[in-house]
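# Chains, contacts and geometry: an overview
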Amino acid sequence: MRREIPIAITFIVGVVFAVSYFIPREPFSEFESQFGDWFGIIAAFAIWLGAMNLMKISIVKIGRKSPDYFYSILIIVSFLMIVFFGFFEGYKGIYADPQFSYRDAGTGFNWIYEYIYSSLSATMFALLAFFVASASYRAFRARNLEATLLLISAFFVMFGRVPIGDMLTGWLPDGYTMSGWANWIMSVPNTAGQRAIMIGIALGLVSTSLRIILGLERSYLGGE
Amino acid sequence: MRIASFGIFILLVFGCGLTALAQDDPIDMVESEIVLPAPASKVIALNHKYDIGEILDVSWESSTSDPELVFGYIIYRSEGDNKFDSVGAVLSKINSFSDEELIPGKSYNYQIGTIGASGVALSEPSEPAIPDWELFNLEMWNIALIGFIICGAVIAYIFSAKAGRKLFIRKIGGLEALEEAVGRATEMGRPILFIPGIQDMDDVQTLAAITILGKVARVVADYDSKIMMPVSRSLVMTSARETIKEAYLSAGRPDAYSDDMAYYVTDEQFGYVAAVNGLMVREKPATCLYLGAFFAESLILSETGNSIGAIQIAGTARPGQLPFFVAACDYTLIGEELFAASAYLSGDPKQLGSLKGQDLGKVVAMVAIVLGTLAATLASAWDIEIMQKFLDNVMLGIFSNH
């Protein structure tokens, strides 16, 4: 029964969802948003499960003095600090006059978010610029025909996107300047390739959904 | 109702303003006081198609008066008792209105008031109309048709495979390399890192990743290797634990399973990336698998994996992230290959049948592309009218989104 009930639920919900797409009447027309709400509620409860698990793992690491357990101390301190500021200022805001939210500017929670979390997050994102450079270097090395084509396309697209490209090729007829070539590469071969991938993805989605609805694919339930 | 009243108010204020301006001229004043604009005509109320039975569409022919002297139209509704109440107003260039939030099955009549400088001229009332609902949205017949063809083909191939028919499935390099990648990690005595994307269990890419995890975990259990799976969603963590546990059970090694194999880090995108990058640099996994829905973190993760010399297999259905994975990883499952992976790895004929079924969808897409390209070329280059009609009526009818 541990398998049969989830499979039956998946089948019923899958069929109802597919059919409701074509039925413009309540309750069918409301299913998508209602199920989305249900999922949100379950996920909100589950986040405590995740947070408690993170705490448990970190405490165990500290207890065992595992390598780099200093990071686990940081996790626990950061977690408790943000939870404290969130609850404390949320509580304070309710009884203040005028009332305020723990997220409002000027609160400790907001300060941590703005000046610690956002900066750290932006730093991680900024790493992308360096990684793009190293990945491009590897991808554009002309090792074979495909890589050479990629290199040539990249050359046209990059030069077509900056003013110097058109400045150097301005003497060519309209549409044949560097930006014209760049636009053609982006809107013809690139779009064709992207659409081919999108069609494949859509068909793969249909096939996977059918396998799950029909109960052929059940690995996500924890088994073969 | 409030919006309708506000609209009427604006139109009347505008109309009165113009009336006041017109009163500066004695001749205009005489005309505006006497002459009402010609009323709207041919008022028709029809049931709105494919709704839940709460909308009527009202249309009319505009007033024949000088358009500059018509400021707009007021829509009046009666519930069959000849008592008309205003329900909305539109500007003079518009000659239709959708009356919403009606009672299904009840009869309604409409009258249109044409707003002029000197007052409102009423039209003849419309014939009664009843808002009704339809069981199916027939406007989407094309989606249903294509859905039936593709789903039918998938189911037909599943049954065909069940009946014992041999099916040829091309080799997928990334999946063929999976066992070798786990073996490499075992030989090197280093762990395997599995990242199921950063979306929750309601994303089918995460589901596909979890199904692949089942097969990977089984190989890991057989080889007595170690798997690390930091996740960014709690529900993914619980599903992953169940999947890994089941894989260890089926490998006959339940004692080797630990809940710490899959653990939650954070929902925050770059917080998660920082944690995973740190883990990669510290633990130096021999194999990194990135399967699921990825965004900006795809390149940060895969380049870090590259820098530690790990063998990397990635797969996503997000076309925007594919180039990054292709540049940084050893193998990349492109779009549909991610969804095919579970069926491919299972070797189950019924699941493989579903992969053949989706090939028929590709045939439909290819035929449509060739026919559409031919028709568009003939219609534009040689001005062949029948080809234009074919494009407008057949191709757009079937493949456009209503």
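Residues numbered from 1 in each chain as written. Chains lettered and ligands numbered in written order. Predicted model: local features only at pLDDT ≥ 70, side-chain atom pairs only at ≥ 80, totals over all residues. Heavy atoms only, no water.

This paragraph deals with the confidence of the model for chain A. In low-pLDDT regions, the fine details of the predicted coordinates are not to be read closely. Looking at chain A as a whole, its pLDDT mean stands at 89, while 99% of the residues score no less than 70. Here helix α1 (residues 4-20) of chain A stands out as the least confident element of chain A, with mean pLDDT 89; helix α7 (residues 178-187) of chain A is the most confident, with 95. (pLDDT = per-residue confidence, 0-100. Helix = DSSP H or I, 4+ residues; strand = E, 2+ residues; numbered from the N terminus.)

Here the focus is the interface of chain A and chain B. Taken residue by residue, the interface counts 57 residues in chain A and 70 residues in chain B. Summing the contributions of chain A and of chain B, the shared interface buries around 5,500 Å²; its carbon and sulfur component is 70%. Between the two partners, chain A and chain B, sit two salt bridges. The residue Glu303 of chain B makes a salt bridge to Arg138 of chain A at a minimum N-O spacing of 2.2 Å. In this structure, the connection of chain A to chain B is made through twelve residue pairs in polar contact (both at pLDDT 80 or more). For the side of chain A that touches chain B, the elements supplying multiple residues, two or more each, are α2 (31-64), α4 (108-139) and α8 (189-213) of chain A. (Contact = heavy atoms within 4.5 Å. Buried area = accessible area lost by both parts, 1.4 Å probe. Salt bridge = Lys/Arg side-chain N within 4 Å of Asp/Glu carboxyl O. Polar contact = N/O pair within 3.5 Å; in protein donor to acceptor, adjacent residues only side chain to side chain.)

This part takes up the sheet that holds strand β12 (residues 311-316) of chain B. Note: strands within a sheet are paired through backbone hydrogen bonds, in either parallel or antiparallel orientation. Residue and element names in this part refer to chain B. Pairing is parallel across the open sheet formed by six strands, whose spatial order is β10-β9-β8-β11-β12-β13. Of all the strands in the sheet, the pair left with one neighbour each is β10 (262-264) and β13 (331-334). With strand direction ignored, the average angle separating the axes of adjacent strands in the sheet is 15 degrees. Looking at chain direction, strand β8 (residues 192-197) and strand β9 (residues 227-231) are connected through two bridges and run parallel. Among the inter-strand pairings, Ile192 is bridged to a residue of β9, identified as Ile227. (Pairing = 2+ DSSP bridges. Axes fitted to C-alpha atoms, helices over the stretch in contact; angles between N-to-C directions.)

Below, the discussion takes up a nonpolar patch on the surface. Taken together, the side chains of Phe11, Ile12, Val15, Val19 and Leu214 of chain A together with Trp133, Leu135, Phe136 and Leu138 of chain B make up a nonpolar region of the molecular surface, amounting to roughly 780 Å² of accessible area. Mapping Ile12 of chain A onto the fold places it in helix α1. (Patch = residues over 30% accessible without salt bridge, like charges linked within 9 Å, V, L, I, M, F, W, Y side chains within 5 Å. Areas by Shrake-Rupley, 256 points an atom, 1.4 Å probe, with all protein chains shown as cover.)

Residues and elements named next belong to chain B. Counting residues in each nonpolar core, the largest one holds 54 residues, and the members touching the most others are Phe194, Val216, Met229 and Ile244. Among the elements that take part in this core, helix α5 (residues 204-223) stands out by supplying twelve residues, more than any other. The contacts of Phe194, once residues within four sequence positions are left out, are Ala209, Leu213, Val216, Ile227, Met228, Met229, Pro230, Leu289 and Leu291. Formed by 29 residues, the second largest nonpolar core is a distinct cluster that contains Val276, Cys288, Tyr290 and Leu301. (Core = buried A, V, L, I, M, F, W, Y, C linked by side-chain atoms within 4.5 Å. Buried < 20%, exposed > 50% of the residue type's maximum accessible area, 1.4 Å probe, protein only.)

All names here are of chain B. Most of strand β11 (residues 287-293) is tucked away, with seven of its seven residues classed as buried. The pairing of β8 with β11 spans five bridges and is parallel. In the sheet register, Phe194 faces β11, and the bridge partner there is Leu289.

Time to look at empty space enclosed by the protein. According to the stated counting rule, one finds one cavity of 30 Å³ or more in the structure shown. Lining the largest cavity we find Thr208, Arg211, Ile212 and Glu217 of chain A together with Leu207, Ala208, Thr211, Phe339 and Ser342 of chain B. Every element with two or more residues in the lining of the largest cavity is listed here: α8 of chain A together with α5 and α10 (336-346) of chain B. (1 Å grid on protein atoms, 1.4 Å probe; cavity = no way out; pocket = protein on both sides within 12 Å on 5 of 7 lines; lining within 4 Å. Points joined across faces, edges and corners; volume = space filled by probe spheres on them.)

As a further point, take the packing of helix α7 (residues 269-283) of chain B against helix α8 (residues 297-307) of chain B. Residues and elements named next belong to chain B. Where α7 meets α8, the axes come as close as 10 Å, and the angle between the chain directions of the two elements is 5 degrees. If you check the angle between α7 and α8, you find them roughly parallel. The residues of α8 that touch α7, namely those facing Gln269, Phe270, Val273, Val276, Asn277, Met280 and Val281, are Glu297, Ile300, Leu301, Thr304 and Gly305. Here the contact of α7 with α8 is composed, by residue class, of seven nonpolar, four polar and one charged. (Parallel < 35°, antiparallel > 145°, perpendicular 65-115°, else oblique. Nonpolar A, V, L, I, M, F, W, Y, C, P; charged D, E, K, R; others polar.)

Another point: the sheet that holds strand β2 (residues 56-61) of chain B. Residues and elements named next belong to chain B. Ordered in space as β1-β2-β5, the three strands form an open sheet in which the pairing is antiparallel. Two strands in the sheet have a free side with no partner beyond their single neighbour: β1 (41-47) and β5 (96-99). Averaged over neighbouring strand pairs, the angle between their axes works out to 20 degrees when direction is ignored. Alignment of β2 against β5, held across four bridges, turns out to be antiparallel. Following the sheet pairing, Val58 is matched in β5 by Phe97.

Now for the packing of α8 of chain A against helix α11 (residues 349-381) of chain B. Look at α8 of chain A against α11 of chain B: their axes get within 9 Å of each other, and the N-to-C directions meet at 145 degrees. Of the two elements, α8 of chain A crosses α11 of chain B, and the hand of that crossing is right-handed. Residues Ile199, Gly200, Leu203, Gly204, Ser207 and Arg211 of chain A of α8 of chain A touch α11 of chain B, and the partners they reach there are Gln351, Ser354, Leu355, Gln358, Gly361, Lys362, Ala365 and Ile369 of chain B. Its residues assigned to classes, the contact of α8 of chain A with α11 of chain B shows five nonpolar, seven polar and two charged. (Left-handed = near helix turned anticlockwise from the far one by under 90°.)

Another aspect to go through is the packing of aromatic side chains. Under the counting rule described, the total for this entry stands at 22 aromatic pairs over all chains. Three or more aromatic residues joined by ring pairs form one cluster here, namely Phe17, Phe28, Phe31, Phe35 and Trp38 of chain A. (Phe/Tyr/Trp six-rings, centres within 6.5 Å; stacked < 30°, edge-to-face > 60°.)

With that settled, the discussion passes to the pattern of salt bridges. Residues and elements named next belong to chain B. For the structure shown, the criterion picks out twelve salt bridges over all chains. The salt bridge partner of Glu79 is Lys106, with a shortest N-O separation of 3.0 Å. With Glu79 in the loop between β3 (70-78) and β4 (85-91) and Lys106 in the loop between β5 and β6 (109-116), the pair connects residues that are 27 residues apart, well separated along the chain. The class for Glu79 is partly exposed, based on a relative accessible area of 43%. Judged by relative accessible area, which is 29%, Lys106 ranks as partly exposed.

What follows covers unusual backbone geometry. In this structure, the amide linkage connecting Asp97 of chain A to the following residue, Pro98 of chain A, adopts the cis form with an omega of 0 degrees. Mapped onto the secondary structure, Pro98 of chain A falls in the loop between α3 (69-95) and α4. The phi dihedral of Asp68 of chain A falls on the positive side, at around 60 degrees, and the residue is not glycine. Position of Asp68 of chain A among the secondary structure elements: in the loop between α2 and α3. We note that Glu101 of chain B has phi near 60 degrees; this positive angle belongs to a residue other than glycine. Positionally, Glu101 of chain B belongs in the loop between β5 and β6.

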